[in-house]
Structure formats: C-alpha cells, structure tokens
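Overview (structure and organization)
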Protein chains: 2
Amino acid sequence: MSGHVLALSGGVGGAKLAAGLAAVLPPERLTIAVNTGDDFEHLGLTICPDIDSVVYALVGLNDTQRGWGVTGETWQAMAMLKALGEKGWFNLGDRDLGMHIARSWRLRGGESLSEVTARLTRGLGIAHPVVPMSDDPLRTQVLTEAGWTDFQRWFVELQCGPELKGIRFAGAPGAAPAPGLLAALERPDLAAVVLCPSNPFLSVDPILAVDGVRDRLLSLQVPRIAVSPLVGGKAVKGPLSKLLAERGQGEDNIAIAKHYGPLVGHMVIDSGDARDEPGLRALGLEVVVMPTLMKQAEDRARLAQAVLRAAGLEQD
Amino acid sequence: MSGHVLALSGGVGGAKLAAGLAAVLPPERLTIAVNTGDDFEHLGLTICPDIDSVVYALVGLNDTQRGWGVTGETWQAMAMLKALGEKGWFNLGDRDLGMHIARSWRLRGGESLSEVTARLTRGLGIAHPVVPMSDDPLRTQVLTEAGWTDFQRWFVELQCGPELKGIRFAGAPGAAPAPGLLAALERPDLAAVVLCPSNPFLSVDPILAVDGVRDRLLSLQVPRIAVSPLVGGKAVKGPLSKLLAERGQGEDNIAIAKHYGPLVGHMVIDSGDARDEPGLRALGLEVVVMPTLMKQAEDRARLAQAVLRAAGLEQD
C-alpha cells in the first residue's frame, strides 16, 4: 500500500523514530513536523532544539552516547564565552553553533523558519521534508512556585528541579501551522499520523496546540498511532516520569493514552510495559507490544516498520 | 618620568607592540586605540579583526605560529556551516567565534562598540584600556579594476590579488572618535603618541581619518613616534610590500615617513633597514635603529622600552 505519513516529533526519542521512518519511506511519502515550542534565543542565536535533534538524527550526526547534540562535539566557543564573562547556562557545542549561526543569520535576513529549515536540511543532503510545526512563535512555558518560566530555563538551567504545576503554550491560539505541516494535513493521500515517542505534555501537545491541528487530526479518517516514550515504565530521557508522577494520574501508558484521548487509536508500547496492554485495550485502543528502545539504526527501522504495519501500510 | 602614552594600533604587528607597551606600562599610563576600519559583518556576526588581534595579544591568546587568530584554535563550527551550504570565505575558528558571538549579542542589545570592548576585555582580565577608534562605522574600502570593495573581501576572499588602485574610508568624515580615544587625546598628562607597526595606509590611516584625530595629533606638543612595520625591507605580514610597490613611491621607510609627513617626529626602524637612516634624518626625523621583529614577549617589551626612551619617557 502507498500513502503519505505525517510524523509529529519532539526531540531525542521522536527524532530517532523520525530517522527510522525516513529509512523505510521515500521522501515523497513522509513529512516530519517538529515541535518548536522549546525554541529560544540565547546569546543572540535562535536555537531550535527539537528541529536540531531531528536533523542530526536524520544525517547520523546525533550523539548517541550523550543522548543529545552532535557527535564529535567540542566546546571551544563556549569556553571563550565563559572567559569573556558571558553566562553559559546553555551549553553550545562548536558544531552545533554552526547550525545556530546559519539559522539565526537566515532568519534575520527575513526567511521564515520553514524556509531556513528547508535550506539547511537541503544543504545537509536530507531529502525528507522536515518542517517546523509553525513559523509563528508558540512557546512552551511551565509553572513552578516561582511563577511561569520558559521551558528551556526549567529544563536546562533549573535541571527540571522545581515541581511543575502547570504547562501553557504562549502564543496559542494565534500560531498558524507552517506551510509544510498544513500541506501534509490536507494531502488527499495522507494515510497515517504518527505521534513519535516524545514527551506528550511538553513535545507533542505544543504541536497539537497550533491553530487547527488538533481538530484537523480528529477529523481525519486515517490511523493515528502513538509510539509510547515509556520503556519499561520509565522515560528513556527527560522529565516525563517526573511529570507523570507529579500529575498524580498514573505513571504508565494508560495515563498517556487518557491524555491523548480520541486523538489516538493505536499505541505501540514497549515489551517491558506489556502489563499496560489490557488497560489500553479497555480504552478501545489497538495495541502493539514490542521492544521500542532504539539503540541502533536497525531498532529505529524495525519500530518504524511496526508503526506502518499498525497503520495498515505494508512495506514493499 | 611619568605621563600617558596613546598607542594607535592595527592588527597583528601593532598588537604585538601594544602588548609590549602593556607589559612595561601600568594600565593608567596607556591607552590602546585600535583601527576598526576593517570591521565587517559575516553570517550575522560583527567581526573586529584588529581589536581581536590586540585583545588576543594582550592575554597571550594570539597564535604566533599562524600569525593571526587564537592559539589552540579549532574549526568545527565552520565545518558545520560549510556542510549546511553556507559560504565560508572568512574562516572563523571556534574560540574566535565565542568572541564574535558575545560582541554581536551585546551590540544588538544596544551597547556601543566601546562599551562592548570594555566589557569583554574586563572579562578577560585585561586592565589596560583597549578602545575602538570610533563607535561609528568607518569602513576601509579598496579600489581595484572591479570597483570599490570592502577591505576584508579584498584581503581575505581575494587574497590581496587584484591590484590596489585606491583606498578610501567610507563614513569619514562623520565618524567621531570613541570616548576612550577622545579622552586620551585630551589628557593634560599625555606624553607620547605611538604609531604601532601596522600598515600605514590600511591600518593607521583609518584612525587618522576619524573626525579631528589628525589635527589634534598635529597640535599636540608631545613626541609622535612611528615604529616601522618593515623588517629587513619587507612587511612581516600582510599586503604592505605589495602596496608600496604598487604605489611606486619607493618601498622603504622613506616612503612611509613621507606618507606620515609632519605627523611623525621619530621613527624606530629595523636594524636590517639601517640604510634608510640617512634619508629619514634628511627629512628631519629622529631615528632609532634596532631589531624590531617581535617573536617573544621579551622582544615586545624591549621594543616598547625603546619607544618610551625615544619619547623621553625613561622607565623606572
């Protein structure tokens, strides 16, 4: 079967599945729409952490040891910035800086984030379309005892320390879907939507908060498949487990499925979380249980193929 | 004797003497005013090559092997920029980038180049005042057969290839001296002005083209000492020799002295150019002949002390 696949991705985990999908689908059959709610300005540079994670994963530049950023990274510019007395709460590697400098320069020159992302991915030889969820600013903010703060400050500078009492998406409503996301949502041959294994609250929800996206997804007569970010009951990386615990609504795939609600009809969960299967089926979901940890390219491709099978899209 | 010394410096050679002066004079007795005519924007960053050369020389970060930039430099960001398809006609090292990012960020935040330079030198622990010649844009441009072009393009991208038919300083008149340069020029205890061994046409002339600077210097009743950038009849680095040849006015210190005219009363020339001494004396100049090549810190300090002696400023 043919048909187009729209993948909604956040950072590291989502990026791996996006790379898996890109490995098994030709460019014309895949659109990867990426969360930009975590984008921020630092030292005058525009940083798009999730776009970068996806881009680096697609070209095999992601550092799989450290779990983020570029492989073979160095930190010379940052050391100079610190010597100059400039604050370094966000650690910018030298290779990564090349990306931020190019992006910031092009944005300042008047290109949209969509245009810049297309330019830079083309430069790197990426054939699959990687599109921001929106060219408008939509910023994920978190509420702690100290008040509302931008996500990156809490995530990086405060190391997810302060208890999270709320999440909001500043700029929504009002952020239009980027042309590439809109085009994918309106394709007559759209055959599946994949919610990649990223944090549902902090990485996928911002995409759903873009004007019209949630409603459009709900209206689509195609399979919508979430791949769980939990592996053996825990988030591989990031604050998801802490967040689930603080929400007090359960810390398993049931809680995630309830959060997504009617948006998701299929769920792919890790073998280590097979105990969640009956509860998910009781919610009316179709469930695939399999090893979901992606350490190698083969793991990513195998998970991508399982997702396509769940969507009824057999691979040739 | 006491008294304040104003050093006018361009890039590499001038920076070495500036570092020598800083080694033998306390901070309150020295102002280093630096050419900003070569400043340019690249990839959205503001680059001040001569200020950087002076700053790196003062903190011992200058790469003495390569002759420019920072020691221990790497080129990771540049490699990423090239991979992204962005032009790399100007090679930006990773450590150097830290400087450009900090400067660009602060300038965009509304600080003047003087304020930014003071902030960044303070961060690096530099006690001696390093000031730009002007906070206004004054840009050195060169005329070749292809028309007028910015200095850095000709110097770096065209590698000084096209014959130079003219030099102009766009923005002059109209560029006011920076507060630090003006303050030094107006100090009642100003005791000497040193024209550092930088290219007279391309590095010192822009400083002299800043509003009022040349006239003010001519009116000062203090020794004005040029240290020649020629060593053994040749420029140590850069396009000076080529430029002297193309001007057809001689390729020795006589040509440089004639160019400076009444602005300079003393000249320090290299032992290898002793043949120029009678001609310089015939022009009415006082002349010091000594080894002027600065390979080590001791060379820089020795040359600095000779300059102070020539100015009648004995060192304690």
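Residues numbered from 1 in each chain as written. Chains lettered and ligands numbered in written order. Predicted model: local features only at pLDDT ≥ 70, side-chain atom pairs only at ≥ 80, totals over all residues.

Some remarks on the sheet that holds strand 8 (residues 166-170) of chain A
All names here are of chain A.
- Spatial ordering of the open sheet is given by 7-6-8, a layout of three strands whose pairing is antiparallel. Where the open sheet ends on each side, the last strands, each with one partner, are strand 7 (147-150) and strand 8. Across the sheet, the mean angle separating the axes of adjacent strands is 35° when strand polarity is ignored.
- As paired elements, strand 6 (residues 139-144) and strand 7 share four bridges and run antiparallel to each other. (Pairing = 2+ DSSP bridges. Helix = DSSP H or I, 4+ residues; strand = E, 2+ residues; numbered from the N terminus. Axes fitted to C-alpha atoms, helices over the stretch in contact; angles between N-to-C directions.)

As for the relation of the copies chain A and chain B
- Turning chain A through 180° and shifting it by 0.0 Å along the axis lays it on chain B, with an RMSD of 0.0 Å. Interpreted geometrically, this transformation is the action of a two-fold axis. Residue Asp94 of chain A, judged by its C-alpha, is the member of chain A lying nearest the rotation axis, at 3.0 Å.
- Here 100% of the contact residues of chain A are again contact residues in chain B; the copies associate through an equivalent surface. (Least-squares fit on C-alpha atoms with pLDDT ≥ 70 in both. Contact = placed C-beta atoms within 7 Å.)

Concerning the pairing of strand 13 (residues 266-270) of chain B
All names here are of chain B.
- Here strand 13 lies mainly inside the structure; five of its five residues are buried.
- In strand 13, alternate side chains face the same way, and those of His266, Val268 and Asp270 on one face and Met267 and Ile269 on the other are all buried.
- Note: strand 10 (residues 224-227) against strand 13, three bridges, orientation parallel. Among the inter-strand pairings, Val227 is bridged to a residue of strand 13, identified as Val268.
- Strand direction decides the pairing type here: strand 13 and strand 14 (residues 286-290), joined by five bridges, are parallel. Counterpart to His266 in the pairing with strand 14 is Glu286.
- In the classification by handedness, the crossover that spans strand 13, the intervening helix 12 (residues 277-282) and the parallel strand 14 is right-handed. (Buried ≥ 20, exposed ≤ 12 C-beta atoms within 10 Å, placed from the backbone. Right-handed = clockwise from strand over helix to strand, strands pointing away.)

Section: the environment of Gly3 of chain B
All names here are of chain B.
- When you line up the elements, Gly3 lands in the segment before strand 1 (4-9).
- Residue Gly3 is classed as partly exposed on the basis of its 17 C-beta neighbours within 10 Å.
- Residues Gly3 and Arg29 lie 26 residues apart in sequence; the distance between their C-alpha atoms is 6.4 Å.
- If we skip the residues at most four places from it in the chain, Gly3 touches Asp189, Ala191, Ala192 and Leu313.

Some remarks on helix 13 (residues 297-310) of chain A
Residue and element names in this part refer to chain A.
- Here helix 13 spans 20 Å end to end across 14 residues, near enough to the 20 Å set by a 1.5 Å rise per residue.
- What helix 13 keeps buried is the set Arg300, Leu303, Ala304, Val307, Leu308 and Ala310. For helix 13, the angular spread of the buried residues around the axis is 160°, confining them to a single face.
- On its buried side, helix 13 packs onto helix 1 (12-24), strand 9 (190-195), strand 10 (224-227), strand 13 (266-270) and strand 14 (286-290).
- Directly beyond the C-terminal end of helix 13, a positive phi value near 80° is found at Gly312. (Expected span 1.5 Å × (residues − 1). Arc of directions from axis to C-beta.)

Observations regarding the environment of Asp270 of chain B
All names here are of chain B.
- With respect to the secondary-structure elements, Asp270 resides in strand 13.
- In this structure the C-alpha to C-alpha distance between Asp270 and Ala245, which are 25 residues apart in sequence, comes to 19 Å.
- Aside from chain neighbours lying at most four places away, what touches Asp270 is Ser228, Leu230, Val231, Gly232, Pro291, Thr292 and Leu293.

Describing unusual backbone geometry
All names here are of chain A.
- Put simply, Ala172 and Pro173 share a cis peptide bond, and its omega is -5°.
- Tracing the backbone through its elements, the reader meets Pro173 in the loop between strand 8 and helix 7 (179-186).
- Phi at Leu43 is positive, roughly 55°, even though this residue is not glycine.
- When you line up the elements, Leu43 lands in the loop between strand 3 (40-42) and strand 4 (45-47).

Re helix 1 of chain A
All names here are of chain A.
- Counted at 1.5 Å a residue, the expected span for helix 1 with its 13 residues is 18 Å, and the 19 Å between its end C-alpha atoms agrees.
- Counting buried positions over the 13 residues of helix 1 gives eleven, a clear majority of the element.
- Of the residues making up helix 1, those classed as buried are Val12, Gly13, Gly14, Ala15, Lys16, Leu17, Ala18, Ala19, Gly20, Leu21 and Ala22.

So, the nonpolar core
- Formed by 174 residues in total, the largest nonpolar core has its most connected members in Ala18 and Val194 of chain A together with Ala18 and Val194 of chain B.
- In this view, Val194 of chain B contacts Val5, Ala7, Leu8, Leu21, Ile225, Val227 and Val307 of chain B; residues no more than four positions away in its chain are not counted. (Core = buried A, V, L, I, M, F, W, Y, C linked by C-beta atoms within 7 Å.)

Focus: the confidence of the model for chain A
- Taken over all residues, the pLDDT of chain A has a mean of 94, while the share at 70 or more is 99%.
- Reported confidence for the predicted complex is 0.91 by ipTM and 0.93 by pTM. (pLDDT = per-residue confidence, 0-100.)

Section: the environment of Val59 of chain A
- Residue placement: Val59 of chain A occurs in the loop between helix 2 (49-58) and helix 3 (76-83).
- As a C-alpha pair, Val59 of chain A and Gly125 of chain A span 66 residues in sequence and 8.0 Å in three-dimensional space.

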